[in-house]
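# Results of the structural survey
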Amino acid sequence: MKVLVAVATRHGATREIAEAVGTAIGSALTDAGVWSLVDVRDAGLVRSVEGFDAVVLGSAVYLGHWIEPARKLAESFSDELRRVPVWLFSSGPVGEQKRPAEEPVAVEDLVRRLDARGHRLFGGKIDRHLLKFPERAVVTALRVPDADNRDWPSIRAWGREIGTSLAHAERSVP
Ligand SMILES: Cc1cc2nc3c(=O)[nH]c(=O)nc-3n(C[C@H](O)[C@H](O)[C@H](O)COP(=O)(O)O)c2cc1C
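Residues numbered from 1 in each chain as written. Predicted model: local features only at pLDDT ≥ 70, side-chain atom pairs only at ≥ 80, totals over all residues. Heavy atoms only, no water.

The name an unreviewed UniProt entry assigns to the protein is Menaquinone-dependent protoporphyrinogen oxidase, from the organism Amycolatopsis lexingtonensis.

Summed over all chains, the structure comprises ten salt bridges. Put simply, Arg 10 and Glu 135 hold a salt bridge, and the shortest N to O gap is 2.7 Å. Of this pair, Arg 10 sits in the loop between β1 (2–8) and α1 (13–31) while Glu 135 sits in helix α5 (residues 133–141), placing them 125 residues apart in sequence. Across the salt bridge formed by Arg 15 and Asp 42, the nearest N and O atoms sit 3.1 Å from each other. (Salt bridge = Lys/Arg side-chain N within 4 Å of Asp/Glu carboxyl O. Helix = DSSP H or I, 4+ residues; strand = E, 2+ residues; numbered from the N terminus.)

Closest axis-to-axis distance for the α1/helix α6 (residues 152–172) pair is 7 Å, and the angle between their directions is 40°. Overall, the two elements α1 and α6 adopt an arrangement that is oblique. Considering the relative orientation of α1 and α6, their crossing is right-handed. Contacts from Glu 16, Ile 17, Ala 20, Val 21, Ala 24, Ile 25, Ser 27, Ala 28, Leu 29 and Asp 31 of α1 reach α6 at Trp 152, Ile 155, Arg 156, Trp 158, Gly 159, Arg 160, Ile 162, Gly 163, Thr 164, Leu 166 and Ala 167. Looking at side-chain class alone, the contact of α1 with α6 contains 13 nonpolar, four polar and four charged residues. (Axes fitted to C-alpha atoms, helices over the stretch in contact; angles between N-to-C directions. Parallel < 35°, antiparallel > 145°, perpendicular 65-115°, else oblique. Left-handed = near helix turned anticlockwise from the far one by under 90°. Contact = heavy atoms within 4.5 Å. Nonpolar A, V, L, I, M, F, W, Y, C, P; charged D, E, K, R; others polar.)

Moving on, we come to a nonpolar patch on the surface. A cluster of nonpolar residues, Leu 63, Val 138 and Leu 142, forms a patch on the protein surface that exposes about 320 Å² of accessible area. A residue is classified by how much of its surface remains accessible, and Leu 63, at 73% relative accessible area, is exposed. (Patch = residues over 30% accessible without salt bridge, like charges linked within 9 Å, V, L, I, M, F, W, Y side chains within 5 Å. Areas by Shrake-Rupley, 256 points an atom, 1.4 Å probe, with all protein chains shown as cover. Buried < 20%, exposed > 50% of the residue type's maximum accessible area, 1.4 Å probe, protein only.)

To continue, consider the packing of aromatic side chains. Counted according to the given criterion, the structure contains three aromatic pairs. Between Phe 89 and Trp 158, the aromatic rings sit 5.9 Å apart at their centres with planes inclined by 75°, giving edge-to-face as the arrangement. In this pair, Phe 89 sits in strand β5 (residues 86–91) while Trp 158 sits in helix α6, placing the two residues 69 residues apart along the sequence. The exposure class assigned to Trp 158 is buried, which follows from its relative accessible area of 4%. Its guanidinium or amino end placed over the ring of Phe 52, Lys 2 lies 5.4 Å from that ring's centre, counting from NZ or CZ. (Phe/Tyr/Trp six-rings, centres within 6.5 Å; stacked < 30°, edge-to-face > 60°. Lys NZ or Arg CZ within 6 Å of the ring centre and 35° of its normal.)

Within the largest apolar cluster, 24 residues are counted, with the highest numbers of intra-cluster contacts made by Leu 57, Trp 66, Leu 73, Leu 81 and Leu 88. Every element with two or more residues in this core is listed here: β1, β3 (54–62), α2 (68–76), β5 and α4 (108–114). If we ignore the near neighbours within four places in the chain, the residues touching Leu 73 are Ala 6, Ala 43, Val 46, Leu 57 and Leu 81. Counting residues in hydrophobic clusters, the runner-up holds 22 residues, among them Ile 17, Val 21, Leu 29 and Phe 89. (Core = buried A, V, L, I, M, F, W, Y, C linked by side-chain atoms within 4.5 Å.)

Attention now goes to α2. Within α2 the residues assigned to the buried category are Ala 70, Leu 73 and Ala 74. In an axial view of α2, the angular spread of the buried residues amounts to 95°, which keeps them on one side of the axis. Residues of α2 that are buried in the fold lie against β1, β3, β4 (65–66), α3 (78–81) and α4. (Arc of directions from axis to C-beta.)

See below:
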């Protein structure tokens, strides 16, 4: 089984989540006795999704939205993506940035359009040293502290859930 984990990142924090998800999917499939090849790629470098049996697409969240390479991939390949199991994830919230009254990222429409199995929101990471001046100005204005809110156990658990569900589907094919 071939699985694509495509990710859009500006500063690398979401890429590391994608890699952990990909590793967890692969190990759950191996444990279930299913051969797998899990390809973690930058969304902007994906030229085709043909040949993959499942796709996980994730993006960092900036100002409430996915960044362009992830949106573009979802748009360009929406027909192909609807034909395979798809999971989405976003990574963003740091500190108190997530206000309970608001959805931190607008993806409901995408979940519907791609007929995705689910969407998970993970915490993000802010390291001012990596930010360009305008970004630093935004996080300073919003009083967002430097922090790493990525919850590795739940990231890995989600990847294993995906792998297990793919393994069940594979076994139930006659
Ligand atoms: C300028 C700026 C705007 C951001 N806007 C949001 C936002 O609207 N919602 C959110 O949850 N996180 C927001 N974040 C946090 C990022 O999503 C978080 O730092 C993420 O881990 C970045 O991932 P990356 O390193 O893969 O680009 C913002 C960060 C910056 C620097």
